[in-house]
Amino acid sequence: MIVDSHTHLLPDRLAVAVRRFFRDHGVTDFHYSLDYREVLDRHHADGIDTVWNLPYAHKAKMARSLNTSMIEVSASLADHPVDVVTGCTVHPDDSNPLADFNDAVEAGARVLKLHCSVGAYEADDQRLSDVLAAAGSRGVPVVIHAGHGVDGFTAANELTPIGRAAAQHRGTTIILAHFGHHAFDDAVALLDEHPNLVADLTPVTFSPVPITADIANRYADRILFGSDAPNTGYRASHLLDLLRSTGASEATLESICSSNARRLTSATA
């Protein structure tokens with residue numbers, strides 16, 4: 001079975017606001033509705049049995065309540081055959097991001113999501129240093145969207161803070177969302193430099209990550225499958241077909257689509 005390590009089954013008001021943001025920027029042709037049971041039904045039909053549900057806070061005094069709401073979203077979907085792994089978030093403008101993170105993990109969160117564009121900060125913001133350190137100590141992987149553009153893409157220079165964060169927190173697994181696309185080649189080089197850095201294959205709305213069999217096989221234990229559902233132009237099955245069409249080995253596909261993600265969320269303390 002398959003893990004989708006990058007979804008956004010957000011609380012209703014936030015989900016509608018995110019869709020409105022995309023619409024205001026000319027992006028409307030999404031493959032999924034905001035009916036999360038329908039999204040999970042289609043994922044289940046595509047062989048996906050687990051999703052990581054990732055939130056993000058765009059301002060201070062939002063993360064703590066959002067984390068609580070994410071726990072509630074997971075609880076509301078607990079009877080579905082697709083398992084929803086709860087994600088949490090923090091914001092550096094809050095008075096105690098570390099407490100927000102620890103409380104979310106104690107409540108059941110298993111993944112931390114940071115969105116540098118939405119929150120207007122960098123991955124190596126020193127106000128988040130204690131949080132990244134705690135994530136390493138607690139075995140919580142940290143998914144970071146590095147790009148700041150409204151189009152969702154990442155430029156090569158925007159990867160530099162990711163590299164600094166990975167170097168400063170070697171015991172923390174940092175997951176580069178969207179594989180740094182469009183700066184894919186630079187992101188591959190960054191994987192060579194930082195053994196604690198992982199990347200996900202989540203498309204940027206209508207643009208898939210240009211993964212090849214060579215790269216997939218070389219970093220088979222450090223790549224994750226992701227869809228960005230419901231805010232994507234592709235059905236998960238199409239993205240899986242694109243990955244399989246690269247010719248990557250069956251062992252690589254199993255690692256990327258399943259075992260890597262399961263390993264990363266199996267040791268949370």
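The rules behind the values
- Residues numbered from 1 in each chain as written.
- Predicted model: local features only at pLDDT ≥ 70, side-chain atom pairs only at ≥ 80, totals over all residues.
- Heavy atoms only, no water.
- Helix = DSSP H or I, 4+ residues; strand = E, 2+ residues; numbered from the N terminus.
- Salt bridge = Lys/Arg side-chain N within 4 Å of Asp/Glu carboxyl O.
- Buried < 20%, exposed > 50% of the residue type's maximum accessible area, 1.4 Å probe, protein only.
- Axes fitted to C-alpha atoms, helices over the stretch in contact; angles between N-to-C directions.
- Parallel < 35°, antiparallel > 145°, perpendicular 65-115°, else oblique.
- Left-handed = near helix turned anticlockwise from the far one by under 90°.
- Contact = heavy atoms within 4.5 Å.
- Nonpolar A, V, L, I, M, F, W, Y, C, P; charged D, E, K, R; others polar.
- Polar contact = N/O pair within 3.5 Å; in protein donor to acceptor, adjacent residues only side chain to side chain.
- Pairing = 2+ DSSP bridges.
- Core = buried A, V, L, I, M, F, W, Y, C linked by side-chain atoms within 4.5 Å.

Undergrad: Residue-level account of the environment of D130, with values.
TA: Among the secondary structure elements, D130 is positioned in helix α6 (residues 129-138). Separated by 43 residues in the primary sequence, D130 and G87 have C-alpha atoms spaced 18 Å apart.

Undergrad: I'd like a rundown of the pattern of salt bridges, residues and numbers included.
TA: Side-chain pairs of opposite charge can arise whenever the charged atoms involved come near each other. Scanning the model with the defined rule gives eleven salt bridges in all. Among the ionic pairs, D46 bridges to R235, the shortest N-O distance being 2.9 Å. With D46 in the loop between α2 (36-45) and β2 (48-53) and R235 in the loop between β8 (223-224) and α10 (236-244), this residue pair connects regions lying 189 residues apart in the sequence. Residue R235 is classed as partly exposed on the basis of its relative accessible area of 24%. Of the charged contacts in the structure, one is a salt bridge between R244 and D241, with a shortest N-O distance of 3.4 Å. With a gap of three residues between them, R244 and D241 both fall in helix α10, about one helical turn apart.

Undergrad: Describe the packing of α10 against helix α11 (residues 250-264), naming the residues involved and giving the relevant values.
TA: Axis separation between α10 and α11 bottoms out at 11 Å; the angle between their running directions is 150°. It follows from the interaxial angle that α10 and α11 lie roughly antiparallel. Here the hand of the crossing between α10 and α11 comes out right-handed. When α10 is examined against α11, the residues L240, L243 and R244 are found in contact with a partner set consisting of L253, I256 and C257. Residue composition of the contact of α10 with α11, grouped by class: five nonpolar, no polar and one charged.

Undergrad: I'd like to hear about the environment of E158, residue by residue, with values.
TA: Here E158 is to be found in the loop between β5 (142-145) and α7 (160-168). A residue is classified by how much of its surface remains accessible, and E158, at 16% relative accessible area, is buried. Expressed as a C-alpha distance, the spacing of E158 and G171, which sit 13 residues apart in the sequence, is 22 Å. Within the structure, E158 has its side chain in polar contact with the backbone nitrogen of H148 (distance 2.9 Å). At 2.8 Å, the side chain of E158 forms a polar contact with the backbone nitrogen of A155.

Undergrad: How would you summarise the sheet that holds strand β4 (residues 111-115) if you had to cite specific residues and measurements?
TA: Taken in spatial order, the eight strands line up as β1-β2-β3-β4-β5-β6-β7-β8 in an open sheet, and their pairing is parallel. Since the sheet does not close on itself, it has two edges, and those belong to β1 (2-7) and β8, each with one partner. Relative to β2, α2 is tilted by about 135°, and along the sheet it contacts β1, β2 and β3 (83-89).

Undergrad: Give a description of the nonpolar core that names residues and reports values.
TA: Counting 78 residues, the largest nonpolar core has F101, L112, L114, F179, I211 and F225 as its most contacted members. Per-element accounting of this core gives the leading share, five residues, to helix α8 (residues 184-193). Filtering out sequence-adjacent residues up to four positions away, F179 remains in contact with F184, A187, V188, L191, A199, D200, L201, V209, I211, I215 and I223. With twelve residues, the next largest nonpolar core counts V3, V111, A177 and V198 among its residues.

Undergrad: Any chance you could break down the environment of V90 for me, citing the residues and the numbers?
TA: Here V90 lies in the loop between β3 and α4 (97-107). Looking at V90, the relative accessible area reads 1%, which means it is buried. It is 9.5 Å that separates the C-alpha atoms of V90 and K61, two residues lying 29 residues apart in sequence. If near-sequence neighbours (up to four positions away) are discounted, V90 is found in contact with A63, P97, D100, F101, L112, K113, L114, Y121, L128 and V131.

Undergrad: Tell me about the side chain of S258, and name the residues and values.
TA: Note on placement: S258 falls in helix α11. Residue classification places S258 among the buried residues on the basis of a relative accessible area of 8%. Look past the residues within four positions of S258 in its chain and what remains in contact with it is M1 and V3.

Undergrad: Residues and numbers for the pairing of β4, please.
TA: Of all the five residues making up β4, five are buried; the element is thus mostly covered by neighbouring parts of the structure. What you see with β4 is no split at all: V111, K113 and H115 on one side and L112 and L114 on the other are buried throughout. The sheet contact formed by β3 and β4 spans three bridges and is parallel. Residue pairing across strands places C88 opposite L112, the latter belonging to β4. By the bridge criterion, four bridges tie β4 to β5 in an arrangement that is parallel. The residue of β5 that forms the bridge with H115 is H145.

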